[in-house]
Structures are given as C-alpha cells and as structure tokens.
Amino acid sequence: MRWLPVVLAWLQLAQGAVRISLKKGLSIRDQMRAAGVLDDFLKHIKYDPVKKFQSSQGSVVREPIANHLDSSYFGEISIGEPPQKFLVLFDTGSSNLWVPSTDCKSPACFNHAKFQPSASATFTPRGQSYNVSYGSGSVTIVLGSDTLRIQSITVTQQELGLSQEEPTQPFYFAAFDGILGMAFPSLAVGGMATALGGMLEQNQLAEPVFSFYFSRQPTYDYGGELLLGGVDPQLFQGDITWAPVTQRLYWQVALEEVAIGQSVTGWCSQGCQAIVDTGTFLLTVPQEYIESILEALGAQETSYGYAVDCSDTQSMPQLTFGIGGARLALPPSAFVLNSNGYCTLAIEATYLPSQDGQPLWILGNIFLKEFYTVFDMANNRVGFAPSA
C-alpha cells in the first residue's frame, strides 16, 4: 500500500487548490478571418513565434502578438476595490500582468473591459511607463498597483500594467482583455513583481505549484481548468513525468529526442530545448526540421498553413517527444486541425535557436491538450501526465 500516501497527497493538493474554469472562445485568427481582414494583416506581419522568447533591453519589450493569434483559452480575474472584472490569457511564456485602462482611447480598447483607476479605493499609481513592441505597433503601458483577486485568492498591492494605447489590429479582435504572465520573475518587464510571486509572498497558494488541463473537446463555457496551488489526479492518468527547468526565464525543459512514427530522428542528439507555453496554441518546430516533418506527414504548404488530406489523418504517424526520460506521444488527431473539411497541421516553423544555441521547440496548447501539465515553482520543474 505504498501508493496510498502518494494518492492522499495528490488529493490534498486538489482540495487546497483554487480552480479556475477556462473558457474556449474564438481565436484572433478566427475573428479576423470572419471580418475579412486576416489576409491583409498577415501580409504585413512577418514574425517568428520564438521572438516572444528573446531578451529585450530597456523599456521596450518585443513580443509579437502573432504568438497569440490562435490563443483561445481564457479565465476571469478582478482588480481593484470594488473588484473590476477582466478576462485574461494565463500565459506561461511571459511574466507581466496587464489589462486595458480607461485612459486608452484606441479602438482596440473600446470592445474590452477597461480598468478605471479612480473607481478603485486601493489603486496606487507607480509612474513608470513602458512600450511593448508588437509586429503591428506597440502597446504603451503605465505601471500601478492594486488588489488582485482570482476567486478566493487575494493579493494586495499587486503591480500591474495599464495599457494607454493599443494597435487596432489584431487587439480589437482578441477575446481576452489582458494577459497574466506565469513565467519566472526574471522575465518581468521593469522588474515588476509577478502575480504568482505575490501569491507566494502573501501565502495565497496551498502549495507552490499550478497546473493546467486543456479539454480535447472544449466549449466556450468549459475549455479546461487552471489549478492554482494544486494538482487534480482526476484530470490525468498514470504517473507524472518530471523534467527540470533548464533556464529560469521560461518554463523551458530539455527535449531529449523526437520520433516520427517508429523512427527516431536524431535531431536532438546534440541537445534540444522546449518551452512549455500556454500562451502559444500551435506546436512550433525548428525551421531546419520542418521539411522532413511535412514530407513524413504528407503535407503541402499553402497560404492557410500546411494542408493535408483529411482522409489520411488516421494513417499518419504519431509524433513522439522524449522528455524527462519518458516518451510523450501526440496522435495525428492532436495535431491535425479540421475546419469544415479543410485539414491543416497545427504546426509552424521557428527560425531562432534557444539562448544556448540549441534547436528550440515550443509546446503549445496542441501538445498540452494531450498532457496534464504541472508547474512546480519550489523545485523548478515541469511535470507531464496523460490527460484524462
């Protein structure tokens, strides 16, 4: 019965956790396509998803919003006293918390919730301002602090950014109001205190962990769950595989191998890195390997992505990733997107390596839907287990 203490420990973590239901809305890409403006936007935006993870200097932070074109899982927070509600993207690939403010006069702010500092009895202005540079323009934010609430969690004097100006495209089409970053404090713009750091310092988490479950069949009302301070064993199967963080900026782990079907590629024989990013939807592949993957999967590059024959999905090989000594397999059903009978791969190419020069992959929602993911802040490690 040695397993019993382990099971009871997980159950205790689940009982003490704060559970946030994630909504699954239309992505920015879907909204812009419906509005007939996507093609023109993409012609003018040349981005690499890995640029989100490159260091920035001074008061300018470069994080291409195209990283979030396909992000569509959001949850609710509130800021201020009395509370003002916002829908935010919980993003493990960034560290700052920001929402629009009533001072923002850009069209992109008109159809989103805006924070009104004068309506909060607990708001304190900080004065500093930063420009967050995106491919289509820049977001200007000013810093302040106020009470942050996420259900029963309350963090007082939490630092946050308030947007003053936002580019219309693509922010106007975003289903989320702002972003709550969940990466390491060393990544935070201007040395701002992170929301997770505030939760830990003010003893708001039952345990120094958080975990994500993304539903394979999401709806708007239920796209998955974020557990702050715990793990829910009912949301995964088997054991958790742990991998140490290799760089304490992002939730980055070593990728030991990649296999296509039964064939190990050897691409990571000299080392690969993978960033586990809830703010990226797709699975991103280093550019030098993309042609081999397309050939193995029978895909053709088109203006709408890497197209495949929908009838071939079942016969495609799976993609397997070696992490933490385990082999984590993605079936074709996980990485083939079917849009009204038109099928594409949920994959995109990256062109920049990790900061140590190794090939860099990004494991986005496509990967995370298959694996319940635990972020252990005390031990600087990431855990994966097959989703229930």
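Below: a short report on this structure. (Residues numbered from 1 in each chain as written. Predicted model: local features only at pLDDT ≥ 70, side-chain atom pairs only at ≥ 80, totals over all residues. Heavy atoms only, no water.)

### Observations concerning the sheet that holds strand S14 (residues 257–260)
Taken together, the four strands give an open sheet; going across it, the order is S15-S14-S20-S21, and neighbouring strands pair in antiparallel fashion. Looking along the sheet, the strands with just one partner apiece sit at the ends: strand S15 (263–264) and strand S21 (326–330). (Pairing = 2+ DSSP bridges. Helix = DSSP H or I, 4+ residues; strand = E, 2+ residues; numbered from the N terminus.)

### Examining the state of the cysteines
Evaluation of the coordinates by the stated rule reveals three disulfides. Between the sulfur atoms of cysteine 104 and its disulfide partner cysteine 109 the distance amounts to 2.1 Å. Across the disulfide from cysteine 104 to cysteine 109, rotation about the S-S bond amounts to roughly 75°, and the bridge is consequently right-handed. Both residues of the pair, cysteine 104 and cysteine 109, count as buried. Disulfide pairing is shown between cysteine 310 and cysteine 343; the S-S distance is 2.1 Å. The sign of the 115° torsion about the S-S bond sets the cysteine 310-cysteine 343 disulfide as right-handed. (Disulfide = S-S within 2.5 Å. Buried < 20%, exposed > 50% of the residue type's maximum accessible area, 1.4 Å probe, protein only.)

### What to know about the pairing of strand S5 (residues 97–100)
Residues in a regular strand point their side chains to alternate faces of the sheet. Residues of S5 alternate between two faces, with Leu97 and Val99 on one and Trp98 and Pro100 on the opposite face, all of them buried. Both S5 and strand S9 (residues 178–181) contribute to a ladder of two bridges, which runs antiparallel. Of the residues in S9, the one forming a bridge with leucine 97 is leucine 180. Where S5 and strand S8 (residues 153–165) come together, three bridges link them in parallel fashion.

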